[in-house]
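Examination of the molecular architecture
Spelled out from the first residue to the last, the chains are:
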Amino acid sequence: NAGVMQNPRHLVRRRGQEARLRCSPMKGHSHVYWYRQLPEEGLKFMVYLQKENIIDESGMPKERFSAEFPKEGPSILRIQQVVRGDSAAYFCASSPSVETQYFGPGTRLLVL
Amino acid sequence: GDSVTQMEGPVTLSEEAFLTINCTYTATGYPSLFWYVQYPGEGLQLLLKATKADDKGSNKGFEATYRKETTSFHLEKGSVQVSDSAVYFCALSPSSNTGKLIFGQGTTLQVKP
């Protein structure tokens, strides 16, 4: 059973561009979480999704950030008009229920 | 709101030394508690967990006991190895439980031969 997959692993964008981060959960997992890790800090919760539904987006910035988990395909975290402060590692986790979460390797976003 | 506080690092130890990384939490109700480990350039791996008071989680020689009276979940290992060098994160899942995790800031452990 493959683990949680994220791509790309590294992403470079210029200010004002869009960033799209993908997360494929483990087989059989219907719960997806996104976290952001700023340099030298712990992970901060962003959003929790189930298939086609956003369950908890209390950690998402109000503007420029959106997330989806369609019926088919990976979960997508989308950042519009990126700014330098968006540079961080973005981690996706999946779980079969609300118990243990399994993390992907992360996408490291660098905004120039 | 709910929060987790870890001892600041880095923690530098010699091989075979005893390890303690302190973790305390603030939460309403009965959260579940976790330790995750992150190796350089990688994602987080679950190390151990405990879901109720007085539970002891253990894995790979690491242990932590859920102490509700002191709101603590300290990580311990009797004899560390160089391969244990990593960043360790304490986390809680609130009892309201959408499953989201609240993390501490992480503690870097360096083990020298």
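Look up a bit, the structure's there.
Residues numbered from 1 in each chain as written. Chains lettered and ligands numbered in written order. Predicted model: local features only at pLDDT ≥ 70, side-chain atom pairs only at ≥ 80, totals over all residues. Heavy atoms only, no water.

As for the overall build of chain B
So the rule is basically this: Runs of E in the DSSP output that reach at least two residues are strands. Runs of H or I that reach at least four are helices, and both are numbered from the N terminus. Atoms counted for the radius of gyration: C-alpha only. Globule rule: 2.2 Å times the number of residues to the power 0.38.
Along its length, chain B carries zero helices and 12 strands. Beginning at the N terminus, the succession of helices and strands in chain B can be written as β-β-β-β-β-β-β-β-β-β-β-β. A globule of 113 residues ought to have a C-alpha radius of gyration of about 13 Å, and chain B, at 13 Å, matches this closely. In terms of its C-alpha atoms, chain B occupies a principal-axis envelope of roughly 45 × 30 × 20 Å.

Considering the nonpolar core
Nonpolar side chains tend toward joint burial in soluble globular proteins. All names here are of chain B. Threshold: Take the buried Ala, Val, Leu, Ile, Met, Phe, Trp, Tyr and Cys residues and link them wherever side-chain atoms come within 4.5 Å; each set so joined is a nonpolar core. For every residue, the accessible area (1.4 Å probe, protein chains only) is compared with the maximum for its type, and the residue is labelled buried under 20%, exposed over 50%, or partly exposed between those bounds. Contact criterion: two residues are considered in contact whenever any of their non-hydrogen atoms come within 4.5 Å of each other.
Counting residues in each nonpolar core, the largest one holds 26 residues, and the members touching the most others are Leu19, Trp35, Leu48, Phe73, Leu75 and Tyr88. Elements supplying a minimum of two residues to this core: strand 2 (11-14), strand 3 (19-21), strand 4 (23-26), strand 5 (32-38), strand 6 (44-50), strand 8 (62-65), strand 10 (86-93) and strand 12 (107-112). Of the residues forming this core, the biggest block, four residues, is contributed by strand 10. Discounting residues that sit within four places of it in the chain, Leu75 has contacts with Leu19, Thr20, Ile21, Trp35, Leu47, Leu48, Phe62, Glu63, Ala64 and Tyr88.

Remarks on the interface of chain A and chain B
Selection criterion: Values labelled buried area give the accessible surface lost by two parts on being combined, using a 1.4 Å probe and summing over both. Between Lys or Arg on one side and Asp or Glu on the other, a salt bridge is scored when a side-chain nitrogen of the former is within 4 Å of a carboxyl oxygen of the latter. For this analysis, a polar contact is any N or O atom pair within 3.5 Å, provided that within protein one partner can donate a hydrogen and the other can accept it, and provided that sequence-adjacent residues contribute only side-chain to side-chain pairs. Residues are grouped as follows: Ala, Val, Leu, Ile, Met, Phe, Trp, Tyr, Cys and Pro are nonpolar; Asp, Glu, Lys and Arg are charged; every other residue, Gly included, is polar.
With 20 residues of chain A at the contact, the number on the chain B side is 17 residues. Of the roughly 1,500 Å² buried where chain A meets chain B, counting both sides, 51% is carbon and sulfur surface. Viewed at the interface, chain B and chain A are joined by one salt bridge. A salt bridge links Asp56 of chain A to Lys100 of chain B; the nearest nitrogen and oxygen atoms lie 3.9 Å apart. Summed over the shared surface of chain A and chain B, the number is five residue pairs in polar contact (both at pLDDT 80 or more). Of all the secondary structure elements, the ones that give two or more residues to the side of chain A that touches chain B are strand 4 (31-37) and strand 5 (43-50) of chain A. The residue makeup of the side of chain A that touches chain B, split by class, is nine nonpolar, six polar and five charged.

Topic: the sheet that holds strand 8 (residues 75-79) of chain A
Residues and elements named next belong to chain A. The test is simple: The criterion for strand pairing is that DSSP finds at least two bridges linking the strands in question. Angles here are taken between N-to-C directions and fall from 0 to 180 degrees, while the axes themselves are lines fitted to C-alpha atoms, restricted in helices to the stretch in contact.
If you walk across this open sheet you meet the four strands as 1-3-8-7, and the pairing is antiparallel. Every interior strand has two partners, whereas the edge strands, strand 1 (5-7) and strand 7 (65-68), have only one. On average, each strand axis in the sheet is tilted by 15 degrees relative to the strand beside it, whichever way the strands run. Inspection of the sheet shows strand 1 paired to strand 3 (residues 19-24) by three bridges, in the antiparallel sense. Residue pairing in the sheet places Asn7 in a bridge with Arg22 of strand 3.

Some details on the sheet that holds strand 8 of chain B
All names here are of chain B. Ordered in space as 3-9-8-7, the four strands form an open sheet in which the pairing is antiparallel. The outermost strands of the open sheet, each flanked by one partner alone, are strand 3 and strand 7 (56-59). Sheet twist, expressed as the mean angle between neighbouring strand axes with direction ignored, is 15 degrees. As defined by bridge partners, strand 3 adjoins strand 9 (residues 75-77) across three bridges and the pair is classed as antiparallel. Counterpart to Ile21 in the pairing with strand 9 is Leu75.

What about a nonpolar patch on the surface?
Inclusion rule: Patch definition: residues above 30% relative accessible area lacking any salt bridge, with like charges linked at up to 9 Å and the nonpolar side chains Val, Leu, Ile, Met, Phe, Trp and Tyr linked at up to 5 Å. All accessible areas in this document rest on Shrake-Rupley with a 1.4 Å probe, and a residue is counted as covered only by the protein chains that are shown.
A surface patch of nonpolar side chains, amounting to about 240 Å² of accessible area, comprises Val12, Leu110 and Leu112 of chain A. Positionally, Leu112 of chain A belongs in the segment after strand 11 (107-111).

Some points on the state of the cysteines
Residue and element names in this part refer to chain A. Rules: Only a pair of cysteine sulfur atoms within 2.5 Å qualifies as a disulfide here.
In this structure the tally under the stated criterion is two disulfides over all chains. One disulfide in the model links Cys23 with Cys92; its S-S distance is 1.7 Å. Note on the Cys23 and Cys92 pair: the S-S dihedral is about -50 degrees, so by sign convention the disulfide is left-handed. Linking Cys23 in strand 3 with Cys92 in strand 9 (residues 88-95), this pair joins segments that are 69 residues apart in sequence. Here the two residues Cys23 and Cys92 agree in accessibility, since each one is buried.

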